[in-house]
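Descriptive structure summary
In case you want the letters, here they are:
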Amino acid sequence: MSSSLPPSPARSRRSGALTGRARVPGDKSISHRSLILGLLSVGETRIEGLLEGEDVLATGRACAALGATVERLAAGRWRVSGVGVGALKSPAETLDFGNAGTGSRLMMGVVGGHPIEATFDGDASLRSRPMRRILDPLEKMGALVVSAAEGGRVPLTLRGPNRTIPITYETPAPSAQIKSAVLLAGLNAPGVTTVIEREATRDHTERMLKAFGAEVTVEPHGAHGRAIRLVGEPELRATQISVPADPSSAAFALVAALVTPGSEIVIEGVMTNPLRTGLMTTLIEMGADVTLSDVHEVGGEEVADIVVRASRLAGVDVPPERAPTMIDEYPILAVAAAFAEGETRMRGLHELRVKESDRLAAVHAGLLACGVEARIEGDDLIVTGKGGVPGGGEPVATHLDHRIAMSFLVMGLASERPVAIDDAAMIATSFPDFVPLMRGLGAAIDVEGQVELHGASS
Ligand SMILES: O=C(O)C1=C[C@@H](OP(=O)(O)O)[C@@H](O)[C@H](O)C1
Ligand SMILES: C=C(OP(=O)(O)O)C(=O)O
């Protein structure tokens, strides 16, 4: 399990201008779904640009345990020979999802929706995360929770019915993971499964189910929501997938270039699905010089090169309804806000409390450790930017959370004194090449025990 790795302290220092071009790895959400839909369809699914992070690799192993043949042909190029929904098998061993909420929750939808049984487990972070939000709808669909840790957490054992009951389910939180688990279980239902979300969340499952041949319709629901209907028992057809670059990983290079004086970088081929671009919208409102070029389509998703120049940023008010489109980007937005002039209020961040860590608390504590003025009011995070950050405090506690680790390493690139973090190991869950990629742009980041390959000013 990833939590058993020894911690890997790291530090970043004030850097010269960041320059050059970079390509961040494939989108994590699409990567998980490519493997899972590959498992559920008969035939050979070919994937280009798969994110080879620990989270996605755990999903690959789980797909293999359920009966698929999962092969790595070359870097980022994978082949999944699926068994189709009829031939899934109960895995002999516990499915260890390490740090991965998405992989574990989507796979619960698969197991809880099909006549198989599996035990799910993960690291200390995953063991602390709520799974009732997934188990509740699955039980309505006929799944049995054989056993679970307190509060319905992992380790848990789940058994699916012969056929699931088609239900209409309104998600209690804006969560693409809940939506996706219900839809994946609905594949085995003799009828239509409907998911209603009051706020639209990332729609990769819907788009990809269609690409694999399922009948899915999406309609607006209320002011910000959607109703998604899936016709059960489709014959999923294996297909080819090109995974575009992950906007949630691009976010770190983007903010690093904005706050590091003199920087100008290009981040290539980043997915610009509008349900993922809330951070860019917000940064542009703050005065960021961010433009898109070479806009085109990859695998049914719009992608673009993002051109970023260092900018003077001003504080803004970020409305709560924007949260689903930038849910993983608040830690790095808080870093941008710390370098801005004036107050940034990020509203409605309750979902941040149930991520890999309590991100609201972790970001707040990290900001204070770096000498930034910040406070929490209810579910809002308020950062008072003074145009610069002192840094130099105690190491920031990352709580097994990759995004906390990367965000504070970005902070140190432009703060007066270095910023240290207690552990960089979890970065490998979503962005294994983060450190070399950032160093390639000129960032001064040192990980204990690793030699710095590309230098920057100290
Ligand atoms: O469906 C997905 O791929 C994801 C959904 C989001 O979680 P929630 O569904 O909990 O909002 C996000 O935080 C996660 O990184 C990826
Ligand atoms: C919340 C995240 O991932 P997951 O829920 O898959 O662990 C994330 O990557 O920021």
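Residues numbered from 1 in each chain as written. Chains lettered and ligands numbered in written order. Predicted model: local features only at pLDDT ≥ 70, side-chain atom pairs only at ≥ 80, totals over all residues.

1. Some details on the site of ligand 2
As a reminder, the rule being used: Near residues are defined by distance alone, with the backbone-placed C-beta atom required to lie within 6 Å of the molecule or strand. Each residue receives one of three labels: charged for Asp, Glu, Lys and Arg, nonpolar for Ala, Val, Leu, Ile, Met, Phe, Trp, Tyr, Cys and Pro, and polar for the others, Gly being one of them. The split into domains, and so the bounds of each, comes from an automatic or database assignment of domains.
Surrounding ligand 2, one finds Asp55, Ala100, Gly101, Thr102, Asp328, Lys355, Glu356, Arg403 and Ser430. Each residue belonging to the shell around ligand 2 can be placed in one class, and the counts come to 1 nonpolar, 3 polar and 5 charged. Counting only domains with at least three residues in the shell around ligand 2, you end up with domain 1 (2–26 + 244–447) and domain 2 (28–242).

2. A closer look at the site of ligand 1
Selection criterion: The helix and strand labels rest on DSSP assignments: H or I over at least four residues marks a helix, E over at least two residues marks a strand, and numbering proceeds from the N terminus.
Close to ligand 1 lie Ser29, Thr102, Ser175, Ala176, Gln177, Ser180, Arg202, Ile327, Asp328 and Glu351. Ranked by residues supplied to the shell around ligand 1, first place goes to helix α6 (residues 176–186) with 3 residues. Of the residues in the shell around ligand 1, the class split is 2 nonpolar, 5 polar and 3 charged. Mapped onto the domain boundaries, the shell around ligand 1 takes at least three residues apiece from domain 1 (2–26 + 244–447) and domain 2 (28–242).

3. Points about unusual backbone geometry
As a reminder of what qualifies: For the exposure call, what matters is how many other C-beta atoms sit within 10 Å of a residue's own: 20 or more marks it buried, 12 or fewer exposed, and in between partly exposed, using C-beta atoms placed from the backbone.
Looking along the chain, the bond that leaves Val154 and enters Pro155 is cis, with omega of 5°. Backbone geometry places His399, a non-glycine residue, at a positive phi of 50°. By the secondary structure assignment, His399 is in the loop between β21 (380–386) and α12 (402–412). In this structure His399 comes out as buried when scored by C-beta crowding, with 22 C-beta atoms within 10 Å.

4. Brief notes about the nonpolar core
Rule in force here: Note on terminology: a nonpolar core is any set of buried Ala, Val, Leu, Ile, Met, Phe, Trp, Tyr and Cys residues joined through C-beta atoms within 7 Å. We call two residues in contact when the distance between their C-beta atoms, placed using the backbone, is within 7 Å.
Judged by nonpolar contacts, the single largest core of 85 residues is most densely connected at Ala253, Val255, Ala256, Leu258 and Ala336. With 10 residues, helix α8 (residues 247–259) is the single largest residue contributor to this core. Residues in contact with Val255, not counting those within four places in the same chain, are Ile332, Val335, Ala336 and Val410. Val70, Leu156, Ala214 and Ile228 belong to the second largest nonpolar core, which has 63 residues in total.

5. With respect to the packing of helix α2 (residues 54–65) against helix α3 (residues 101–112)
Our working definition: The axes are straight lines fitted to the C-alpha atoms, using for helices just the contacting stretch, and the angles between their N-to-C directions are given from 0 to 180°. What sets the label is the angle itself: under 35 degrees gives roughly parallel, over 145 gives roughly antiparallel, 65 to 115 gives roughly perpendicular, and the rest give oblique.
For the pair α2 and α3, the least separation of the axes is 8 Å and the interaxial angle reads 25°. By the angle class used here, α2 and α3 are roughly parallel. Contacts from Asp55, Ala58, Thr59 and Ala62 of α2 reach α3 at Thr102, Gly103 and Met107. For the contact of α2 with α3, the per-class residue count stands at 3 nonpolar, 3 polar and 1 charged.

6. Some remarks on the sheet that holds strand β10 (residues 168–170)
Rules: Think of it this way: DSSP has to see at least two bridges between two strands before they count as a pair.
Taken in spatial order, the 4 strands make up an open sheet running β10-β11-β13-β12, and their pairing is mixed. Strands at the two margins of the open sheet, each flanked by one partner only, are β10 and β12 (216–221). Averaged over all pairs of adjacent strands, the angle between strand axes in this sheet comes to 15°, irrespective of strand direction. Looking at chain direction, β10 and strand β11 (residues 192–197) are connected through 3 bridges and run parallel.

7. Focus: the sheet that holds strand β23 (residues 444–447)
Sheet strands line up and pair through hydrogen bonds in the backbone, either parallel or antiparallel. Read across the sheet, 3 strands follow the order β22-β1-β23 without closing on themselves; strand pairing throughout is antiparallel. Each having just a single partner strand, β22 (419–421) and β23 make up the two edges of the open sheet. Neighbour to neighbour, the strand axes of the sheet diverge by 15° on average, direction disregarded. The strands that α12 touches are β1 (10–13), β22 and β23; relative to β22, the one it contacts most, it runs at about 160°.

8. Comments concerning the domain arrangement of the chain
Parsing the chain into structural domains produces domain 1 (2–26 + 244–447) and domain 2 (28–242). In this structure, domain 1 and domain 2 have C-alpha centres spaced 28 Å apart. At the junction of the two partners, domain 1 supplies 27 residues and domain 2 supplies 31 residues. Class assignment for the residues of the side of domain 1 that touches domain 2 results in 12 nonpolar, 9 polar and 6 charged.

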